[in-house]
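This is what each chain is made of:
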Amino acid sequence: MSEESNVRFTEREALFYHNTIRPGKIEIIASKPMATQRDLSLAYSPGVAVPVRAIAEDPAAAYDYTAKGNLVAVISNGTAILGLGNLGALASKPVMEGKAVLFKRFADVDSIDIELATEDPQAFIDAVTLLEPSFGGINLEDIKAPECFIIEQALRERLKIPVMHDDQHGTAIISAAGLVNACHLTGRELKDVKVVVNGAGAAAIACTELIKAMGVRHDNVIMCDRQGVIYRGRQEGMDQWKSAHAVDTPVRTLEEAVIGADIFLGLSAADALKPEWVKKMAPQPIIFAMANPDPEITPPAAKAVRPDAIVATGRSDYPNQVNNVLGFPFIFRGALDVRATAINEEMKIAAAEAIAALAREQVPEEVAAAYGKNHTFGVDYIIPAPFDPRLMEVVSSAVAKAAMDTGVAQKPIEDFEAYRLSLKARLNPTTSVLTNVYAQVRENPKRVVFAEAENEVVLRAAIQFRDFGYGTPVLVGRTEAVRAKLVELGVGNPDGYEIHNSNVSPLVPDMVAYLYERMQRRGFLERDVRRMVNQNRNVFASLLVALGHGDAMISGLTRTFSQTLREVRRVLDPKPGHVPFGVHLMVAKNYTVFLADTTVNERPSAEDLAHIAVETAAVARRMGHDPRVAFLSFSTFGNPMGKWVEPIRGAVALLDAMEPGFEYEGDIAPDAALNPKVMANYPFCRLSGPANVLIMPGLQSANISAKLLRELAGNAVIGPMLIGMDKPVQIAPMTALAPDILTLAVLAAGGVVG
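Residues numbered from 1 in each chain as written. Predicted model: local features only at pLDDT ≥ 70, side-chain atom pairs only at ≥ 80, totals over all residues. Heavy atoms only, no water.

By the naming in an unreviewed UniProt entry, the protein chain is NADP-dependent malic enzyme, taken from Novosphingobium aerophilum.

Here you go:
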């Protein structure tokens, strides 16, 4: 029920983290240029007067001309900080800054923390009300009960922007999603389950209200607090929020209440649920022990007495973590995107149902990589992992649609498919570049040969390739080994996958004949060729493509790029008149750069460089970019001169003669090619703006640059992409993850590169 990682660290490490580089965890970065006097004049006086007048005439224009529409205030008074209690507003600031970081990291929502030094609910309400013009939404945090109920209700009534107390509703939404899936696994219906809620604070009451809204019957829920069962007629320690959940029941203690209960929801204290009580619960009990940092009962203790139990906690070191970060970033993302005036019950339910449905789907490889283990829907995986990249798209769009359906959306979304794609692009700029490619491949699915299908990473990519509708993965490997791995990865019907085993394939005789005809005058006997077909997976996979059993091929994880390419080229040739080469694609937040040749040609000639430039520009065009080509060098227009400049100048001369239809320039150093200020020193430069196609002078500098950028930029780099082969072949780096392989497979299938 928190964002705690439960990773062990020293106090010194934690303090160093918050102090190093610059104190705190957030900073303000201008989203517009601020380099010149003109920039400043537009940003402030006198230029700022224009949007001021526009907003005065139409307040909705604030969403067009300011950051309001993507800005959430995270507000607390520090009266209930995590599990630390009332430590005051100032002490809550590190937590609120952390919440702001999570908003940005997970949903690209800008956030500012505000700490209010008051424990007076009315003063708090008045202060936040006065802030409404500044923000698109309000996230309340770490405010103790019952004041949090009063504050949230009042603000929801006063403000026309989304307001949510995450300690209440975030926990409620994630736990509700987990309960939906736990009931699904145990064959229960929400309308029939008997629930015991231990705790009557903000989170407990919110959880109870939400599951009742989703179908749990009021009379089937028994809530307990420190004084025991909250029953109708009880006078001690009651308030209006507890009274709303009182029921007619003869039981008076938690021990009595859990007898025969299907579900235990704990939002109370460590060790509140005794193992001997768990024994008395219904078959396949569902236990959500969400007290932090220590749960009401640990999963091992619960499983020791009830091995059939499904157990969730608020901790990441146990399965099924109820983690609010699965919800609040995406709930606000969806609410902001439709300019919702509130976050209502229907939007919360939509979020819970979307999260639940996501956990039942095949888990992406990047999630497994982030957590160091596989995840498959089942008793130990009923809630998605926080790093599942699909949460942004799935939850945000569900919330936005619910806002529209319930009439609280001021800016309804007209094209939901486009909206879902835009959500992907906000956090993964690579996806925005490739969106059209993925759509084209879905419309024209292909057969792609995965040459290393016994490798788990490759197999994950192959599963996603099929599940996402890109075509048919043709798997190369030992049949039983591949099937066993498919089962391990959660595939219910491994026989539904096409597997080719070179040791038993009926295609081998034709393959041997085909390859022997190619190799017999290159020093190979027929038995050498047969051995190659039987033992070399890249040769076998290439032959599947050559003989028409596959449209494209992906390999590379088990051998170096150069070795894989040598093996592929024994079977497949370059396109007539083409030179094979590699391209790395670097995708930053606001620009994309193609870098070539990064993998094949050690010292390209002028003719090679010109050819590489023309072909890379064509790839850039196919990916939606207007190419501006720079032939990179240590020299900028002859300063300084050197012997390696001549091939570059020769390539430029060749392009001059052919008039290729795109901008190009060289010899030019990287700063002059990419930095407009440096480029301005050369008014004769033929580039109209920063280059987006960089042609490297040789393999040494190219490969070093590409690998350095990959290490520094991480997921913002795609490639290498192999260009110039007669059949679509891609060779992934040995360090690739499933998303990298999937991307290359889709590119190969789509004919965008190759």
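There is more to say after this.
A. Representation of the overall build of the protein chain within the structure. On a plain count of helices and strands, the protein chain comes out with 31 helices and 21 strands. Based on the C-alpha atoms only, the size of the protein chain along its principal axes is roughly 95 × 75 × 50 Å. Scored against the burial criterion, the 754 residues of the protein chain give a buried share of 53%. Here the contacts in the protein chain between residues at least 6 apart in sequence split such that 70% fall between residues at least 24 apart. By element, 53% of the accessible surface of the protein chain is carried by carbon and sulfur atoms, the whole surface being about 32,900 Å². Taking the average location of the 75 positive side-chain charges in the protein chain and that of its 88 negative ones, the two points are 4 Å from each other. (Helix = DSSP H or I, 4+ residues; strand = E, 2+ residues; numbered from the N terminus. Buried < 20%, exposed > 50% of the residue type's maximum accessible area, 1.4 Å probe, protein only. Contact = heavy atoms within 4.5 Å. Areas by Shrake-Rupley, 256 points an atom, 1.4 Å probe, with all protein chains shown as cover. Lys, Arg positive; Asp, Glu negative; His and termini not counted. Charge placed at Lys NZ, Arg CZ, Asp CG, Glu CD.)

B. Quick peek at the packing of helix α23 (residues 526-535) against helix α24 (residues 537-546). Interaxial distance between α23 and α24 falls to 5 Å at its minimum, and their mutual angle equals 90 degrees. When the axis of α23 is compared with that of α24, the two are roughly perpendicular. Contacts between α23 and α24 pair Met 532, Val 533 and Gln 535 from the former with Arg 537, Val 539, Phe 540 and Leu 543 from the latter. Residue composition of the contact of α23 with α24, by class: five nonpolar, one polar and one charged. (Axes fitted to C-alpha atoms, helices over the stretch in contact; angles between N-to-C directions. Parallel < 35°, antiparallel > 145°, perpendicular 65-115°, else oblique. Nonpolar A, V, L, I, M, F, W, Y, C, P; charged D, E, K, R; others polar.)

C. Summary view of the sheet that holds strand β9 (residues 286-289). With respect to topology, six strands assemble into an open sheet ordered β7-β6-β5-β8-β9-β10, the strand pairing being mixed. In this open sheet, the two strands that pair with only one neighbour each are β7 (228-229) and β10 (310-313). Pairing analysis gives two bridges linking strand β6 (residues 221-225) to β7, with the strands arranged antiparallel. Following the sheet pairing, Asp 225 is matched in β7 by Gly 228. Contacting β8 (263-266), β9 and β10, helix α8 (residues 166-186) runs over the sheet at an angle of about 160 degrees to β9. Together, β5 (195-198), β6 and β8 form the strand contacts of helix α9 (residues 202-213), whose direction differs from that of β6 by roughly 175 degrees. (Pairing = 2+ DSSP bridges.)

D. Broad picture of the packing of aromatic side chains. On inspection of all chains with the given rule, the structure shows 11 aromatic pairs. Taking the centre distance of 4.9 Å and the plane angle of 75 degrees together, the rings of Phe 103 and Phe 328 count as edge-to-face. Of the two residues, Phe 103 sits in helix α5 (residues 93-107) while Phe 328 sits in helix α14 (residues 328-337), which places them 225 residues apart along the sequence. Between the aromatic rings of Phe 450 and Phe 465, the centroid separation amounts to 5.8 Å while the plane-to-plane angle is 70 degrees, which identifies the pairing as edge-to-face. Pair noted here: Phe 450 is in strand β11 (residues 446-450) and Phe 465 is in helix α20 (residues 456-467), with a separation of 15 residues, a long-range link. (Phe/Tyr/Trp six-rings, centres within 6.5 Å; stacked < 30°, edge-to-face > 60°.)

E. Main features of the UniProt feature "active site" (unreviewed entry) in the protein chain. According to UniProt, the positions carrying the feature "active site" (unreviewed entry) are Lys 99. With respect to the secondary-structure elements, Lys 99 resides in helix α5. You can call Lys 99 buried: its relative accessible area is 2%. (UniProt positions renumbered as here; feature names shortened; annotations may be inferred.)

F. Quick peek at empty space enclosed by the protein. Across all of its chains, the model carries two cavities of 30 Å³ or more by this definition. Counted as a void, the largest cavity has a volume near 40 Å³. (1 Å grid on protein atoms, 1.4 Å probe; cavity = no way out; pocket = protein on both sides within 12 Å on 5 of 7 lines; lining within 4 Å. Points joined across faces, edges and corners; volume = space filled by probe spheres on them.)

G. Summary view of the UniProt feature "binding site: a divalent metal cation" (unreviewed entry) in the protein chain. With numbering aligned to this structure, UniProt lists the feature "binding site: a divalent metal cation" (unreviewed entry) at Glu 141, Asp 142, Asp 167 and Asn 292. Tracing the backbone through its elements, the reader meets Asp 167 in helix α8. Setting aside anything within four residues of it in sequence, one finds Asp 167 in contact with Glu 141, Asp 142, Ile 143, Ala 203 and Asn 324. Among the polar contacts listed, one links the side chain of Asp 167 to the side chain of His 165, at a separation of 3.2 Å. (Polar contact = N/O pair within 3.5 Å; in protein donor to acceptor, adjacent residues only side chain to side chain.)

H. Main features of the environment of Leu 358. Looking at the element boundaries, Leu 358 is found in helix α15 (residues 345-359). For Leu 358 and Lys 242, which are 116 residues apart along the polypeptide, the C-alpha to C-alpha distance reads 33 Å. In this structure, Leu 358 is in contact with Pro 384, Asp 388, Arg 390, Leu 391 and Val 394, ignoring residues within four places of it in sequence.

I. A look at the side chain of Ser 396. In this fold, Ser 396 is placed in helix α17 (residues 390-405). Ser 396 gets classed as buried once you look at its relative accessible area, which sits at 0%. Within polar-contact distance, the side chain of Ser 396 engages the backbone oxygen of Met 392 at 2.8 Å. Contact partners of Ser 396, with chain neighbours within four places excluded, come to Phe 330, Arg 333, Gly 334, Leu 391, Tyr 419 and Leu 423.

J. Representation of the state of the cysteines. Inspection of the entire model under this criterion finds zero disulfides. For Cys 183, which is in no disulfide, the shortest distance to another cysteine sulfur is to Cys 207 and amounts to 14 Å. In this structure Cys 224 is a free cysteine whose sulfur lies 15 Å from that of Cys 207, the closest cysteine sulfur available. (Disulfide = S-S within 2.5 Å.)

K. Representation of a nonpolar patch on the surface in the model. Together, Leu 82, Leu 84 and Leu 87 give the surface a local cluster of nonpolar side chains, amounting to about 300 Å² of exposed area. In this structure, Leu 82 sits in the loop between β1 (71-76) and α5. Overall, Leu 82 belongs to the partly exposed group, its relative accessible area being 44%. (Patch = residues over 30% accessible without salt bridge, like charges linked within 9 Å, V, L, I, M, F, W, Y side chains within 5 Å. Salt bridge = Lys/Arg side-chain N within 4 Å of Asp/Glu carboxyl O.)

L. Structural detail: the nonpolar core. Core analysis: the biggest nonpolar cluster contains 102 residues, and Ile 75, Ile 138, Leu 140, Val 195, Leu 265, Phe 288 and Met 347 have the highest contact counts within it. The element contributing the most residues to this core is α15, with nine residues. If sequence neighbours within four positions are ignored, Ile 75 has contacts with Ile 114, Leu 116, Phe 124, Val 128, Leu 131, Ile 138, Asn 139, Leu 140, Glu 141 and Ile 143. Within the second largest apolar cluster, 62 residues are counted, among which are Val 437, Phe 450, Val 482 and Ile 648. (Core = buried A, V, L, I, M, F, W, Y, C linked by side-chain atoms within 4.5 Å.)

M. Region of interest: the pattern of salt bridges. Counted under the stated rule, the structure contains 38 salt bridges. A salt bridge links Arg 315 to Asp 317, with the shortest nitrogen-to-oxygen separation between them at 2.6 Å. Assessed through its relative accessible area of 9%, Arg 315 is described here as buried. Between Asp 405 and Lys 401 there is a salt bridge; the shortest N-O distance is 3.0 Å. One end of the pair, Asp 405, and the other, Lys 401, are both in helix α17, four residues apart, so they sit about a helical turn from each other. What emerges from the salt-bridge pattern is a single network uniting Lys 93, Glu 97, Asp 113 and Glu 115.

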